[in-house]
Amino acid sequence: MDNREVARILNAMADMLEIKGDNPFRIRAYRRAAQNIEGLAEDVESLIARETLEEIPGIGKDLAAKIHEIATTGTFQEYEKLKAQVPSGVVELLTIPGVGPKTAQLFYKRKGIDSVARLEAAARAGELRGLPGIKAKTEENILRGIEMLKRASGRMPLGLALPLAQEITTRLRQVKGVTRIECAGSVRRMKETVGDIDILAVSAAPGKVMDAFIALPLVREVLAHGETKSSVMTRQGIQVDVLVVDPKAFGAAWLYFTGSKAHNIHLRDMAKKKGLKISEYGVFAERTGKRIAGKEEEEIYGTLGLPYIAPELREDTGEIEAALTGQLPDLITADDIRGDLHVHSTWSDGAHTIKEVVEAARRRGYRYIAITDHSKGLGIVRGLAAEDLTRQREEIDRLNQGLRDFRILAGIEVNIRADGTLDLPDGVLAKLDCVIASVHSAFRQDQQTMTERIVRAVGNPHVHVLGHPTGRLLGEREPYDLDFDRLLEAARANGVAMEINASPYRLDLNDAHARLAKEAGVPLVINTDTHTLAEFDHIHLGVATARRAWIEKKDVLNTLPLKQLLKRLAR
Ligand SMILES: [Zn+2]
Ligand SMILES: [Zn+2]
């Protein structure tokens, strides 16, 4: 049971209590516990083993017992009891962006709405307006949220699907007889959301692989159990298929199941013109049926006169043409990243001290990080004011004195106010090594207002980076309504870098926007926006997004050695 799942159940409990109108302190206790567990760098299970659960802030004896119960049984009694009282359709309303427990309760009590479908009908008919706090605009937002949900349904963020796929391959690799096992599909292409997980294996004893697969603890339901192919539904709600293939055809099957469909169709058309036939079983001469290739992907590309094409590029958006003319990008890798320029500490809402994040960054082999805590204002709790920054600077200077081959940059993540001005005066920003400007409020401005707002912020001479530039949260919040081309122009003109924020819930810029930024000559940075140490690992999601955007090392500022980076930031 991973921490996220424990947190999910605690949050679901809080949701139901809130729908019921329970004691707010109790509700807050569950939420706080969920948040703290999600932020842990260590597995709940190992804390249980060491009997140190109660050392987590906000977790007393009572909650510790419940968490223990969740970790061992997958749920807890009180939660199951409450689930029987609150209609599941009402809880489901909470998945709609913008619908909280209070609104869900309101709709249920006053209108008897107990499903998303009913809510949609009521909103369309204009039956919700007039309820306390509900206006025509609220109905519009609800419908928009439902639309978004429908589009995202059945897809899982890469940040959840990838570790799941890795866990399955790691476990099955240990099954006797398995000589090779790999992920295919959109997980391998590192697409930001994943519909299902495909895994290919080579084994002398396929039956053993199948048996081990369907017996994995993460399996909720076995959908099919065959001799060389099985499908399951996991407890996290995503389908996983495992297929055992002939080693002679592994490359062909891997290419086929990795996709994308458009990439494969393009390859097949090329093959046809050469009198060849490509399938999941290999490359064959059309006339004689003779097998020409199949064992490795490189061989298959080779029969078409192509070099190997990285999975992240296989979308038929120009990669085959580029491969034909030798113009494939030399894609950035995680090893190219020399430091993280967006890191929070206990000075704002981060979980660790500057010293702790520095140690973690050094263990990763980084040469620098920028501490970029939140600025005060807009009611962000524990945001920094000018005098806090002065004291923080003293701490950073002191720590830097004791460091060799590593540098802590003093930075800030300053709020972009609704009018495009920044939360801190220019004189304060001027003293910092790295200024990230981000939108954290007034998300729903119209296109013109939002575009002008951000363009104004980018025009501030002290801003180095635009943080999570489009504001989208995967499956939760759509990007701001923006004239992205104008924004790119402003960023380029001012030499401001755009961030690929690697948080699994953001991945912002996304692949398409990042590619546009590169093409427009806007520099990029790839940051994790770390609040807890474990989040440093998300860098590979940001790098994957960059690779999908055809980005090379030279396009990304935090691949630079420290000296050059400082020069670039100082402009
Ligand atoms: Zn932010
Ligand atoms: Zn941040």
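The coordinates are above.
In this text, all values refer to a predicted model and were calculated from it rather than measured experimentally.

Thresholds applied
Throughout, residues of each chain are indexed from 1 in the direction in which the sequence is written. As they are written, the chains are lettered A onward and the ligands numbered 1 onward, keeping that order. The predicted origin of the model limits local features to residues at a pLDDT of at least 70 and limits the giving and counting of side-chain atom pairs to 80 or more, whereas totals for whole chains, interfaces and linings rest on all residues. Each side-chain value is derived from all of the structure's non-hydrogen atoms; neither hydrogens nor water enter the calculation. The rule for donors is simple: N, O or S, within 2.8 Å of the metal, or within 3.2 Å if the metal is Na, K or Ca. Water isn't counted, so a site may look like it is missing partners. Three exposure classes are used, based on accessible area relative to the maximum for each residue type with a 1.4 Å probe and protein chains only: buried under 20%, partly exposed in between, and exposed over 50%. Runs of E in the DSSP output that reach at least two residues are strands. Runs of H or I that reach at least four are helices, and both are numbered from the N terminus. Pairing of N or O atoms within 3.5 Å defines a polar contact, subject to two protein rules: one partner must be a possible hydrogen donor and the other a possible acceptor, and residues neighboring in sequence count only if both atoms are side-chain atoms. Contact between two residues is taken to exist if any of their heavy atoms lie within 4.5 Å; hydrogens are not considered.

J.: So what's going on with the coordination of the zinc ion (ligand 1)? Residues and values would help.
T.: On the protein side, the zinc ion (ligand 1) has Glu 413 (OE), His 440 (NE2) and His 468 (NE2) as donor atoms, found 2.1 to 2.2 Å from it. Accessibility expressed as a relative area gives 21% for His 440, which makes it partly exposed. Looking at His 468, the relative accessible area reads 1%, which means it is buried.

J.: Run through the coordination of the zinc ion (ligand 2), naming residues and quoting values.
T.: For the zinc ion (ligand 2), the full set of protein donor atoms is His 342 (NE2), His 344 (NE2), Glu 413 (OE) and Asp 529 (OD), at a range of 2.1 to 2.2 Å. For the zinc ion (ligand 2), the donor residues sit on a single chain with the sequence spacing H-x1-H-x68-E-x115-D. A distance of 3.4 Å spans the gap from the zinc ion (ligand 2) to the zinc ion (ligand 1), which Glu 413 bridges by coordinating each metal. Pair noted here: Glu 413 is in strand S13 (residues 407-415) and Asp 529 is in the loop between strand S17 (524-527) and helix H23 (539-548), with a separation of 116 residues, a long-range link.

J.: Give me the lowdown on the side chain of His 344, citing residues and values where you can.
T.: Note that His 344 resides in the loop between strand S11 (339-343) and helix H17 (354-363). In terms of polar contacts, His 344 uses its side chain to reach the backbone carbonyl oxygen of Thr 372, at 3.3 Å. A polar contact is formed between the side chain of His 344 and the side chain of Asp 529, at a distance of 2.9 Å. Apart from residues no more than four positions distant in its own chain, His 344 is found in contact with Asp 349, Gly 350, Val 357, Thr 372, Asp 373, His 374, Glu 413, Asp 529, Thr 530 and His 531.

J.: Describe the side chain of Arg 314, listing the residues and the values that go with them.
T.: Position of Arg 314 among the secondary structure elements: in the loop between helix H15 (297-303) and helix H16 (319-324). A polar contact is formed between the side chain of Arg 314 and the side chain of Tyr 301, at a distance of 3.0 Å. At a separation of 2.9 Å, a polar atom in the side chain of Arg 314 contacts the main-chain carbonyl oxygen of Ile 309. Apart from the residues within four sequence positions on either side, Arg 314 is in contact with Arg 188, Arg 189, Leu 255, Thr 258, Gly 259, Ser 260, His 263, Glu 297, Tyr 301, Tyr 308, Ile 309 and Glu 319.

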